[in-house]
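# Observations on the model geometry
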Amino acid sequence: MKRALIPGSFDPITLGHRDLIVRACALYDEVIVAVMNNRDKTYETTIAERAEMARLALADLARVRIVTDGGLLVDLFDKVRADVIVKGVRNEEDRHYEEQMAAWNLAHNKRAETVFLPALPQYENLSSHLVREYARAGQDLTALVSPAVAAYIAKHNLYRI
Ligand code: PNS
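Here's what I pulled together on the structure shown here. Since this is a predicted model, take the numbers as computed values, not measurements. (Residues numbered from 1 in each chain as written. Predicted model: local features only at pLDDT ≥ 70, side-chain atom pairs only at ≥ 80, totals over all residues. Heavy atoms only, no water.)

## Notes on the sheet that holds strand β4 (residues 84-89)
The cut-off we apply is this: In this scheme, strands are said to pair when DSSP sees at least two bridges between them. Each helix is a run of DSSP H or I of at least 4 residues and each strand a run of E of at least 2, with the numbering of both proceeding from the N terminus. Axes, fitted as lines to C-alpha atoms, cover a helix only where it is in contact. Angles between the N-to-C directions of the axes lie from 0 to 180 degrees. Here, residues are in contact when the closest pair of their heavy atoms is within 4.5 Å.
One open sheet holds the five strands; their spatial order is β3-β2-β1-β4-β5, and the pairing between them is parallel. Whereas interior strands pair on both sides, the edge strands pair on one side only; in this sheet they are β3 (64-69) and β5 (114-118). Neighbour to neighbour, the strand axes of the sheet diverge by 30 degrees on average, direction disregarded. Of the strand pairs in this sheet, strand β2 (residues 30-36) and β3 are connected by six bridges, and their pairing is parallel. Note on β3: the bridge partner recorded for V35 is T68. Sitting on the sheet, helix α2 (residues 47-58) is in contact with β2 and β3, with an inclination near 175 degrees to β3.

This is how it looks when you write it as structure tokens:
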């Protein structure tokens, strides 16, 4: 039984995130998606709203569990008895940033190795930031997020300020 931990801000969860999670499901028995806080970011949404959007986007995936946590990833790694952290990498900038985080996590928890999966070309330019910009402008989100996430963003007027 191998359990993967996929952490992120998921503000909001995109089709690129979903693709990474689906691919991780093919590699591991259970995938835990952890909605967490990045100290370098400020959020217009609560962690509960971000988790709800993740639940909506991943409702059809039986081996996926969603958790929220306001602490350190290395502590959550032990708490959920994960075997590996999985991260998606879109470009050089991502790779540089993710490698630094992977090294920090490993230095603080010897078991917490990170595996990188390359983003598919169609998701290379898709980011939560882009989704927020589209939402702010009132544009169609169909190509960027799951239909249920687009509906949730519209219903709750997220990212409109
Ligand atoms: O989607 P993001 O914003 O790139 O995700 C970053 C995240 C939330 C995975 C990262 O900030 C994180 O692991 N936060 C939890 C707190 C922590 O462990 N910080 C130290 C990691 S270097």
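There is more to say after this.
## Focus on the packing of aromatic side chains
Going by this rule: Here a Phe, Tyr or Trp ring, Trp counted by its six-membered ring, pairs with any other such ring whose centre lies within 6.5 Å, and the pair is stacked when the planes are under 30 degrees apart, edge-to-face when over 60, and tilted otherwise. Two conditions define a charge located above a ring, namely a distance within 6 Å from the ring centre to NZ of Lys or CZ of Arg, and an angle within 35 degrees of the ring normal.
Under the definition given, this model contains zero aromatic pairs. It is R50 that lies over the ring of Y43; its NZ or CZ is 3.8 Å from the centre.

## Considering the site of the ligand
To keep things clear, this is the line we draw: Neighbouring residues are identified by heavy atoms, a residue being near a molecule or strand if any of them is within 4 Å of it. Whenever a nitrogen or oxygen atom comes within 3.5 Å of another N or O atom, the pair is scored as a polar contact, on the condition that within protein one atom can donate a hydrogen and the other can accept it, and that pairs from neighbouring residues in sequence are kept only if both atoms are in side chains. Here the open area of atoms and residues is found with the Shrake-Rupley method and a 1.4 Å probe, where only the protein chains shown may cover a residue. Side-chain classes are defined by residue name, with Ala, Val, Leu, Ile, Met, Phe, Trp, Tyr, Cys and Pro counting as nonpolar, Asp, Glu, Lys and Arg as charged, and the others, Gly among them, as polar.
In the vicinity of the ligand lie 15 residues, with S9, N37, N38, K41 and L73 positioned nearest. N37 places a polar main-chain atom, nitrogen or oxygen, 3.1 Å from a nitrogen atom of the ligand. For the ligand, whose free accessible area comes to 540 Å², the fraction covered by protein is 86%. By residue number, the principal contributor to the shell around the ligand is helix α4 (residues 92-108), which donates four residues. Each residue belonging to the shell around the ligand can be placed in one class, and the counts come to seven nonpolar, six polar and two charged.

## Brief notes about the pairing of strand β1 (residues 3-8)
We apply this condition: Exposure categories follow from relative accessible area, calculated using a 1.4 Å probe and restricted to protein chains: below 20% of the type maximum is buried, above 50% is exposed, and the middle band is partly exposed. Here, the term right-handed applies to a crossover whose path from the first strand over the helix to the second runs clockwise when the strands point away from the viewer.
Summarising burial for β1: five of the six residues are buried, a large majority. Across six bridges, β1 lies against β2 in parallel orientation. The residue of β2 that forms the bridge with P7 is A34. Once you follow β1 into helix α1 (residues 15-27) and on to β2, the crossover reads as right-handed. Across two bridges, β1 lies against β4 in parallel orientation.

## Considerations on α1
We apply this condition: What a helix should span is 1.5 Å times the count of its residues minus one.
Here α1 is 13 residues long and its end C-alpha atoms lie 19 Å apart, about the 18 Å a rise of 1.5 Å per residue gives. Every buried residue belonging to α1 is among G16, D19, L20, I21, A24 and C25, and all of these are buried. Structurally, the start of α1 carries an N-cap: the backbone nitrogen of G16 is 3.1 Å from a side-chain oxygen of T14.

## Describing the environment of V22
Looking at the element boundaries, V22 is found in helix α1. Between the alpha carbons of V22 and A4 there is a distance of 12 Å; along the sequence they are 18 residues apart.

## Quick notes on the pattern of salt bridges
To keep things clear, this is the line we draw: A carboxyl oxygen of Asp or Glu within 4 Å of a side-chain nitrogen of Lys or Arg is what we treat as a salt bridge.
Inspection of every chain in the model, using the stated rule, returns 14 salt bridges. Here R18 ties to D60 by a salt bridge, and the two come within 2.9 Å at their closest N and O atoms. Residue R18 is found in helix α1, and its partner D60 is found in the loop between α2 and β3; the two are separated by 42 residues along the sequence. A salt bridge links D94 to R90; its shortest N-O distance comes to 2.8 Å. A relative accessible area of 12% places D94 in the buried class. You can call R90 partly exposed: its relative accessible area is 30%.

## Concerning the nonpolar core
Here is the rule we go by: For our purposes a nonpolar core is just a set of buried Ala, Val, Leu, Ile, Met, Phe, Trp, Tyr and Cys residues, chained together by side-chain atoms within 4.5 Å.
The biggest cluster of nonpolar side chains holds 36 residues, and the ones touching the most others in it are I13, I21, V31, L58, V64 and I153. Looking at this core, the elements with two or more residues in it are β1, α1, β2, α2, β3, β4, α5 (128-136) and α6 (147-155). Ranked by residue count, the leading element in this core is α2, at five residues. Within the second largest apolar cluster, twelve residues are counted, among which are L5, M36, A82 and I85.

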